Each structure stands twice: as structure tokens, then as C-alpha cells.
Amino acid sequence: MRAKPPDPKEQAKKAALNALKRARRAAEKSGVELSEWEGEFLTSVAQRVETYGRAFADPEKGARGQALSGNQAIKLKEIARKAKGEPKPMKRGKGFQRRGAPSAEARDDDED
């Protein structure tokens, strides 16, 4: 008798719950203090995954077979990095800015 093929939704649910548990355990083990928001995030996402099989309602926010939305997965990775003590990734730039923009004094002189 052959075994049933694994259910992708069940696999995604189990993987998400394991990732959430690993992040929390890593923080406790390393002694890193998670913020109140981060602790609440881990708890609430775990509850939603256990209850509904996924932690988001809008199908446009994540892939069909995934238990976490894209932004939730990113935040979970950031919490795991913090728990491991790794440095934060580089910040995004400030967008397009003029280089060598005149100072406020130079602009005031031009107006006269």
C-alpha cells in the first residue's frame, strides 16, 4: 500500500510553526530581549497558523501554498537574525537627492 502524497498546505503550516518556535527559542537561548511587539507578533501569528492554516486572509499578500505572507516572512527573518545576534542589514537609501544642494545661507543670498 502506498502512502498518500504530502499535503502542501499542511507542510507549509508545519514549516511556519517550526520557524516561529525556532525564532522564539533562539531569542531565549541567546538572552536577546525581544520587544513587546515582536513577542506579540510571534504569538499571534502562531495562533492564526494553528487555527486557520495560514496567518493572512488576503490571497494577494502571499503565495497560494504558503502559511505566512511576504511581509510576515520578512519580519520573522528579522526577528531570527536579531535572536542570533547578527547585524541588521543595510538600510535602504533616502531615494534620489540632489548632490551638493546649496545651503540655506546661499539660497537666502540669491533671493535679494
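Just so we're clear, the structure is a prediction, and the values are computed from it rather than from any experiment.

1. Overview of the packing of aromatic side chains
Here is step 1 of the chain: Counted by the stated rule, this structure contains 1 aromatic pair.
Here is step 2 of the chain: Aromatic side chains tryptophan 37 and phenylalanine 41 sit 5.3 Å apart centroid to centroid with 15° between the ring planes, which places their arrangement in the stacked category. Here phenylalanine 41 and tryptophan 37 lie together in helix H2 (residues 36-52), a separation of 4 residues that amounts to about one turn.
Here is step 3 of the chain: Relative accessible area serves as the criterion here: at 11%, phenylalanine 41 is assigned to the buried category.
Here is step 4 of the chain: Cation over ring: arginine 54 sits above phenylalanine 56, and NZ or CZ is 4.3 Å from the ring centre.

2. As for the nonpolar core
Within soluble globular proteins, side chains that are nonpolar tend to cluster in buried spots.
Here is step 1 of the chain: Of all hydrophobic cores here, the largest spans 19 residues; its most connected members are Leu20, Leu42, Val45, Val49, Leu68, Leu76 and Ile79.
Here is step 2 of the chain: Mapped by element, the contributors of at least two residues to this core are helix H1 (8-30), H2 and helix H3 (70-84).
Here is step 3 of the chain: Among the elements that line this core, the one with the most residues is H1, at 7 residues.
Here is step 4 of the chain: In this structure leucine 68 touches Ala16, Val45, Val49, Ala55, Phe56, Ala73 and Leu76, once residues within four positions along its chain are discounted.

3. Here we look at the pattern of salt bridges
Here is step 1 of the chain: The full count for this structure, using the stated rule, is 2 salt bridges.
Here is step 2 of the chain: Among the salt bridges present, the one from glutamate 38 reaches lysine 82, with a minimum N-O distance of 2.9 Å. Pair noted here: glutamate 38 is in helix H2 and lysine 82 is in helix H3, with a separation of 44 residues, a long-range link.
Here is step 3 of the chain: Overall, glutamate 38 belongs to the buried group, its relative accessible area being 12%.

Quick notes on the rules
Residues numbered from 1 in each chain as written. Predicted model: local features only at pLDDT ≥ 70, side-chain atom pairs only at ≥ 80, totals over all residues. Heavy atoms only, no water. Phe/Tyr/Trp six-rings, centres within 6.5 Å; stacked < 30°, edge-to-face > 60°. Helix = DSSP H or I, 4+ residues; strand = E, 2+ residues; numbered from the N terminus. Buried < 20%, exposed > 50% of the residue type's maximum accessible area, 1.4 Å probe, protein only. Lys NZ or Arg CZ within 6 Å of the ring centre and 35° of its normal. Core = buried A, V, L, I, M, F, W, Y, C linked by side-chain atoms within 4.5 Å. Contact = heavy atoms within 4.5 Å. Salt bridge = Lys/Arg side-chain N within 4 Å of Asp/Glu carboxyl O.

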